[in-house]
Amino acid sequence: LSGVAQVVIASPTLATISCFDPDTAPGVRDSVRDMPGMNFNPQIDEGTVNVVIPRVSAETRLAIVKQLKNVAESTRQRVRRIRRAAQDVVKKGKDGNLGPGISEDDAFRAGKDIDAVTDECIQALNQVVELKEKDVMKV
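What counts and how
Residues numbered from 1 in each chain as written. Predicted model: local features only at pLDDT ≥ 70, side-chain atom pairs only at ≥ 80, totals over all residues. Heavy atoms only, no water. Helix = DSSP H or I, 4+ residues; strand = E, 2+ residues; numbered from the N terminus. Rg over C-alpha atoms; globule rule 2.2 N^0.38 Å. Buried < 20%, exposed > 50% of the residue type's maximum accessible area, 1.4 Å probe, protein only. Contact = heavy atoms within 4.5 Å. Pairing = 2+ DSSP bridges. Axes fitted to C-alpha atoms, helices over the stretch in contact; angles between N-to-C directions. Polar contact = N/O pair within 3.5 Å; in protein donor to acceptor, adjacent residues only side chain to side chain.

## Examining the overall build of the protein chain
Point 1. Helices and strands together make up the secondary structure of the protein chain, namely three helices and four strands.
Point 2. Helices and strands in the protein chain line up, N terminus first, as β-β-α-β-β-α-α.
Point 3. Here the protein chain has a C-alpha radius of gyration of 25 Å; the compact-globule value for 139 residues is 14 Å, and the former is much larger.
Point 4. Each of the 139 residues in the protein chain was classed as buried or not, and the buried ones make up 21%.
Point 5. For the protein chain, long-range pairs separated by at least 24 residues make up 49% of all intrachain contacts whose partners lie at least 6 apart in sequence.

In structure tokens, the structure reads:
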């Protein structure tokens, strides 16, 4: 879209798309109208496309929160995979597979540090998700 037009948010309920070539306005209108899940009804006015942005319904807010929770869970899984990979490196170092081995005490200490950082990251993620959920559900 940025290659054929300039998008300006005129107000919280209106977006104006100014096409560089007025002949492309019908194609831009059709593209905006056919965006899945957005329910936009754009209108053409002298080479510009006006898109009225509808108020967000309670169902849409709940769908956004559900999507937010799905993204948060996938992020938690990524953090856990990183933790597991770090623990594997520590275990290989303890076994001596990465050159001179590290002591069991150092391996235990490194494992505890990895767990602490993992817990801290997940806790920070949970706080961000909670704040964002409250922000989305706020009317």
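## Looking at the sheet that holds strand β3 (residues 43-45)
Point 1. Across the sheet, which stays open at both edges, the four strands sit in the order β1-β2-β4-β3 with antiparallel pairing between neighbours. Both outer strands of the open sheet, β1 (5-11) and β3, are each paired with one neighbouring strand and no more. This sheet shows a mean twist of 25 degrees between the axes of neighbouring strands, independent of strand direction.
Point 2. As paired elements, β3 and strand β4 (residues 48-52) share three bridges and run antiparallel to each other. When the bridges of β4 are listed, Gln43 appears paired with Asn50.

## Examining the side chain of Arg76
Point 1. One can find Arg76 in helix α2 (residues 58-95).
Point 2. Residues contacting Arg76, with those up to four places away along its chain left out, are Ile122, Leu125 and Asn126.

## A word on the pairing of strand β2 (residues 14-19)
Point 1. Alignment of β1 against β2, held across six bridges, turns out to be antiparallel. Opposite Gln6, over in β2, you have Ser18 as the bridge partner.
Point 2. Two elements, β2 and β4, share five bridges in a ladder whose sense is antiparallel. In the sheet register, Ala15 faces β4, and the bridge partner there is Val51.

## Observations concerning the environment of Asp115
Point 1. Relative to the helices and strands, Asp115 is located in helix α3 (residues 104-137).
Point 2. Residue Asp115 is classed as partly exposed on the basis of its relative accessible area of 27%.
Point 3. Linking Asp115 and Met35, residues 80 residues apart in sequence, is a C-alpha distance of 43 Å.
Point 4. At 3.2 Å, the side chain of Asp115 and the side chain of Gln87 are in polar contact.

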